[in-house]
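An overview of the molecular structure
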Amino acid sequence: MRGKYKAVEVSAPGVLRVVERPVSEPGAGQVRIRVEACGICHTDAATVTGAYPGLTLPRVPGHEVIGRIEALGPGVSRWKIGQRVGVGLIAGEDGVCEPCRRGDAVNCQNPVVSGVTVDGGYAEVMIAEARGIASIPDELSSAEAAPLLCAGVTTYNALRNAGLRAGDLVAVQGVGGLGHLGIQFARRMGFRTVAIGRGREKEKLAKDLGAHLYIDAAVEDAAAALQRMGGARAILATGTSGDAMGRLVAGLAARGKLIVVGAPEDQIQLSAIPLIFGGRSIYGSLTGTPIDSEDTLAFSVLENIRPMIEAAPLEQAADAYARMMEGKARFRIVLVTLASPTDKSA
Ligand SMILES: NC(=O)c1ccc[n+]([C@@H]2O[C@H](COP(=O)([O-])OP(=O)(O)OC[C@H]3O[C@@H](n4cnc5c(N)ncnc54)[C@H](OP(=O)(O)O)[C@@H]3O)[C@@H](O)[C@H]2O)c1
Ligand SMILES: [Zn+2]
Ligand SMILES: [Zn+2]
């Protein structure tokens, strides 16, 4: 199908504007997707501000993309026209760098990054690498599935790969797009789940999402509160403050892990003492691969986990993005481009 499609591009740092572009054919190994929904992730800020390393403008942001394949490029055999698929942040590995050769595709040194190296999903149409897409189960509407492609897989993978055991005390810091899914995953994975937010307003929401306990970091020392509970085996840090993250180390149990998924602009300050005495550790975790996304979607269907979303039309992307940056989204704004038959929320 030729013609034009609408997209929202960053034309200059800080400027999101609606444009029309000509529809192009997918190249070898690519598919063209008619986008139905795209979540607005905080990481989109790195595209909007122009800060993402290697970014060139104009660029269409968006890496929580759900849509239907409408054209297949040469050599694509695994996917079918009409199939509903999703695209996340890391949307194609080069297959030849050292991490790739060691089977660690998410840490590819030359990846295709949606909304950064290629145009993303704030658009009616997106071209994606066939090796970088995930299949979407029928049980999820497109708007519901979208946040699972980044916020979902990032928190699900970080928790499932942390070597935790059922009943462990696990804290999720930040009750936002990532955090509100992290709380649900932690609870359904069988952990004693503590949400750490700022302000009492989020307490009920966090408990409704499955948190056993809530710490209001605006009025109490979160690390001290975690120590009173026995110390956390893991803290999944999704917040955007490095200062707040560093202070959480003191809330870990011996051998506890601070898993950094939030990407603050400020530095994380650490004292070596709790790391040495008690063998605590801190490390980062980057989203996941397309098959990790499929696992996230399957677990979400299995355990009835859904993001809390606010739908917005593509044309309102700039306002929606601003709302997210102000911390007002509850909890993910999803640009709904085209309501799918399974879409209840659009
Ligand atoms: N590692 C990865 O692969 C990956 C993937 C996706 C996103 N990210 C990063 O993860 C972070 C969160 O993304 P998101 O989409 O969830 O963002 P979001 O929906 O905008 O939520 C922002 C979160 O940051 C917290 N926060 C803001 N200011 C804070 C402060 N001063 N102290 C403590 N917490 C603060 C908020 O916590 P309250 O609940 O207390 O308000 C909220 O939970 C971003 O940095 C994003 O770039 C990383
Ligand atoms: Zn993201
Ligand atoms: Zn690679």
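Here's a quick rundown of the structure.

Re empty space enclosed by the protein
- Applying the stated criterion across every chain, the model contains one cavity of 30 Å³ or more.
- Empty space within the largest cavity amounts to approximately 50 Å³.
- As for the largest cavity, its lining consists of 13 residues, and the residues nearest its centre are G88, I90, T289, P290 and S293.
- Elements represented by at least two residues in the lining of the largest cavity include exactly β5 (84-87), β7 (133-135) and α10 (290-302).
- When grouped by side-chain class, the residues that make up the lining of the largest cavity number seven nonpolar, six polar and no charged.

Some details on the pattern of salt bridges
- Enumeration over the complete set of coordinates arrives at 23 salt bridges.
- Where E25 meets R32, a salt bridge forms, and the shortest distance between an N and an O atom there is 3.4 Å.
- When its relative accessible area of 41% is taken as the criterion, E25 is described as partly exposed.
- Given a relative accessible area of 0%, R32 falls into the buried group.
- A single salt-bridge network, built from bridges that share partners, covers E9, R17, R21, R59 and D119.

Here's the deal with the sheet that holds strand β13 (residues 281-284)
- As summarised here, the arrangement of the six strands in space is β10-β9-β8-β11-β12-β13, forming an open sheet in which the pairing is parallel. The open sheet has two free edges, formed respectively by β10 (213-216) and β13, since each of these has just one partner strand. Going across the sheet, the axis of each strand differs from the next one's by a mean of 20°, ignoring polarity.
- Two elements, strand β9 (residues 192-197) and β10, share four bridges in a ladder whose sense is parallel. Paired with I196 across the two strands is I215, which belongs to β10.
- Sheet contacts for helix α6 (residues 201-209): β9 and β10; angle to β10, the most-contacted strand, approximately 155°.

Conventions adopted
The residue count restarts for each chain, going from 1 along the sequence in the order it is written. Key to labels: chains lettered from A, ligands numbered from 1, both in the order written. Where local features are concerned, this predicted model is filtered to residues with pLDDT of at least 70; where side-chain atom pairs are given and counted, the filter is 80 or more; whole-chain, interface and lining totals use all residues. Side-chain numbers come from the whole structure's heavy atoms, not from hydrogens or water. A cavity, in this analysis, means grid points on a 1 Å lattice covering only the protein atoms where a 1.4 Å probe fits yet has no way out; a pocket is instead an open set bounded by protein on both sides within 12 Å along at least five of seven lines, and a residue lines either one if it has an atom within 4 Å of a point. Grid points are joined across faces, edges and corners, and a volume is the space filled by probe spheres set on the points. We count a stretch as a helix when DSSP gives it H or I for four or more residues in a row; a strand needs E for two or more, and each element gets its number in order from the N terminus. Lys, Arg, Asp and Glu make up the charged group, whereas Ala, Val, Leu, Ile, Met, Phe, Trp, Tyr, Cys and Pro make up the nonpolar group; the residues left over, Gly among them, are polar. By definition, a salt bridge exists where a carboxyl oxygen of Asp or Glu is found within 4 Å of a side-chain nitrogen of Lys or Arg. Relative accessible area decides the class of each residue, using a 1.4 Å probe on protein chains only: under 20% of the type maximum gives buried, over 50% gives exposed, and in between gives partly exposed. Pairs of strands are assigned from DSSP output, requiring at least two bridges between the strands. For every element, the axis is a line fit to its C-alpha atoms; helices are fit only across the contacting stretch, and the angle between N-to-C directions ranges from 0 to 180 degrees. Any two residues whose heavy atoms approach within 4.5 Å are treated as being in contact.

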